[in-house]
Amino acid sequence: MIRFILSDLRRLWAGSLVVVLLVALATALGVSVVLQERALRLGSARAADKFDLVIGAGGSETQLVLSSVFLQPSPLPLMPGEVLGKLAADPRVDWAAPIGFGDSFSGYPIVGTTTMLAQNLSGGLAEGKIFAREGESVIGAAVKLSLGGEIKPMHGSLEEGGETHTELVYHIAGRLRPTGTAWDRAILVPIQAVWHIHGMEEHAEDGEHENEAASGTDSAEHGHEHEKVGADHDGHEHHGEADPDAALDESWTAGAPGLPAILVKPKTIADAYKLRQDYRSGNTVAVFPGEVLTNLYATLGDAKQILVVVASGAQALVAASLVLVTVIHIGQRRRQIGALRAFGAPRGAIFGIVWLEFFFLVAVGIALGFALGYAAALILSSMFSQTSGITMPVGFAREDAALAAVLLAFATILAALPAVLAYRQSPAQALRA
């Protein structure tokens, strides 16, 4: 029987190939949706695990996490600079690192921060050293620049018509180890240098002005600079001066400039919850990135359901097409089936031959579809990782075996239709056709 089936498939190879490809493409669509959605969840969750607590000014918690953890460009309101000093002196805090963004270089975001974050972000350096002067920088593992290279910061991005700062040129001092997060594509520079080249030093020294800026009551002259991070402002009015050889001073006072976000490492889990409660009132908001992602996953789950419905619709159309093809195919093989019956082949053997032949084609199509879906998810994840820096792990899980079992069960039922049609044909009717 097996040799007869293989001989029949070789003879009808064109039609068999069409059946396999139809099933493979329909299966690949559904598999790629499932794998890609899972990879996005895992990748974003692992990226958020790097940061325990994020504190920012009152506003959207989701945008705060997207900007500070995933480095998605967006203007954020500034919180009072005195918050940083309070966190640095808080016994419940292991370390607190301010971040400032809005500049870029060659498509890579430039993030102002501290040596503490640079040392703890990836567990050390792959090469070089941590920045120790205002004119030094540390690059992420995915930044395609060399140690010793120059970085000329641009306000905003080239696509937005950004303006290149002339006050300071950073030199690359080190490279971080891979983290699998968006920070692999970031350029880390001293926050002190960011304040200086944006003309914010004067506010650090002038407590009255700084308090006004932090509380959102800036004067008209300084409103653009303090209202939003990365908002367009007059380059000549707000640029300051920076000394590339200046030593870093990371002792924070109440007069520090306003900040869009502070990344906090609490000493204990209990401290994390207490800190979040303490900074969820007034002018600040404190969030656990994982909790914010849970809300995003709910939205993502709705989108996944829509895509799954679309994929299921495509698979249903393919199944209908296969039924039509097989009915026509059985009609064309009536003489062959009649001849087999005339030579003494029992009805059960005819049923088994037709069922096995069709089931084999569908099963091969399902297996090929899983391979194609996996390959498509790998390509999409790689493209996303190159643009975002987030590592997106693509892999099969236990529930995927259940999906394969359901598809094979459906193939079992689908293959029975042409087999029943062949089973019910009488030899005399088949030979007269």
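Residues numbered from 1 in each chain as written. Predicted model: local features only at pLDDT ≥ 70, side-chain atom pairs only at ≥ 80, totals over all residues. Heavy atoms only, no water.

Here strand 3 (residues 108–113) lies mainly inside the structure; five of its six residues are buried. Sheet analysis places strand 2 (residues 93–105) next to strand 3, joined by four bridges and oriented antiparallel. Counterpart to D103 in the pairing with strand 3 is I110. Two successive antiparallel strands, strand 2 and strand 3, enclose a turn made up of two residues, where S106 displays a positive phi of approximately 55 degrees. Pairing of strand 3 with strand 10 (residues 187–190) involves four bridges; the strand directions are parallel. Its bridge partner being in strand 10, T113 is matched across the sheet by P190. (Buried < 20%, exposed > 50% of the residue type's maximum accessible area, 1.4 Å probe, protein only. Helix = DSSP H or I, 4+ residues; strand = E, 2+ residues; numbered from the N terminus. Pairing = 2+ DSSP bridges.)

Neither face of strand 12 (residues 284–287) is left uncovered, since the one carrying T284 and A286 and the one carrying V285 and V287 both have all their residues buried. Where strand 1 (residues 53–57) meets strand 12, four bridges bridge the pair, whose relative direction is antiparallel. If you follow I55 over to strand 12, its bridge partner there is A286.

Of all residues in the chain, 74% have pLDDT values of 70 or greater, and the mean over the chain is 78. Contacts from residues 202–237, a stretch scored under 50 in pLDDT, to residues over four places away or in other chains number 62 contacts. (pLDDT = per-residue confidence, 0-100. Contact = heavy atoms within 4.5 Å.)

Taken together, the buried positions of helix 11 (residues 269–278) are occupied by D271, A272, L275 and R276. Projection of helix 11 onto a plane perpendicular to its axis shows the buried side chains occupying an angular sector of 135 degrees, all on one side. (Arc of directions from axis to C-beta.)

This part takes up the pattern of salt bridges. A complete count under the given rule lists 12 salt bridges for this structure. R92 is paired through a salt bridge with D278; the nearest N and O atoms lie 2.8 Å apart. Here the residue R92 occupies a position in the loop between helix 4 (82–89) and strand 2, and D278 occupies one in helix 11, the gap between them amounting to 186 residues. Between D245 and R133 there is a salt bridge, with the nearest N and O atoms lying 2.6 Å from each other. Taken together, the positions of D245 in the loop between helix 10 (235–238) and strand 11 (261–266) and R133 in the loop between strand 4 (125–128) and strand 5 (136–139) put the pair 112 residues apart, joining distant regions of the chain. Among the charged side chains, a salt-bridge network with shared partners connects K129, R133, E136 and D245. (Salt bridge = Lys/Arg side-chain N within 4 Å of Asp/Glu carboxyl O.)

Take the environment of I187 next. Note that I187 resides in strand 10. Assessed through its relative accessible area of 0%, I187 is described here as buried. Between the C-alpha atom of I187 and that of Y170, which follows or precedes it by 17 residues, the distance is 10.0 Å. Ignoring any residue separated from it by four or fewer positions in sequence, one finds I187 in contact with F105, Y108, P109, I110, V111, S137, V138, I139, V143, L145 and I151.

What follows covers the packing of aromatic side chains. Taken as a whole, this structure holds five aromatic pairs when the rule is applied. Where W195 meets W252, the ring centres are 6.0 Å apart and the plane angle is 80 degrees; that geometry is what we call edge-to-face. In this pair, W195 sits in helix 6 (residues 191–197) while W252 sits in the loop between helix 10 and strand 11, placing the two residues 57 residues apart along the sequence. Classification of W252 by relative accessible area gives buried; the value is 18%. When the ring of Y374 is compared with that of F396, the centres are 5.4 Å apart and the planes differ by 25 degrees; the resulting orientation is stacked. You can see Y374 sitting in helix 14 (residues 347–388) and its partner F396 sitting in the loop between helix 14 and helix 15 (398–424), a full 22 residues away along the chain. What makes Y374 partly exposed here is its relative accessible area of 30%. (Phe/Tyr/Trp six-rings, centres within 6.5 Å; stacked < 30°, edge-to-face > 60°.)

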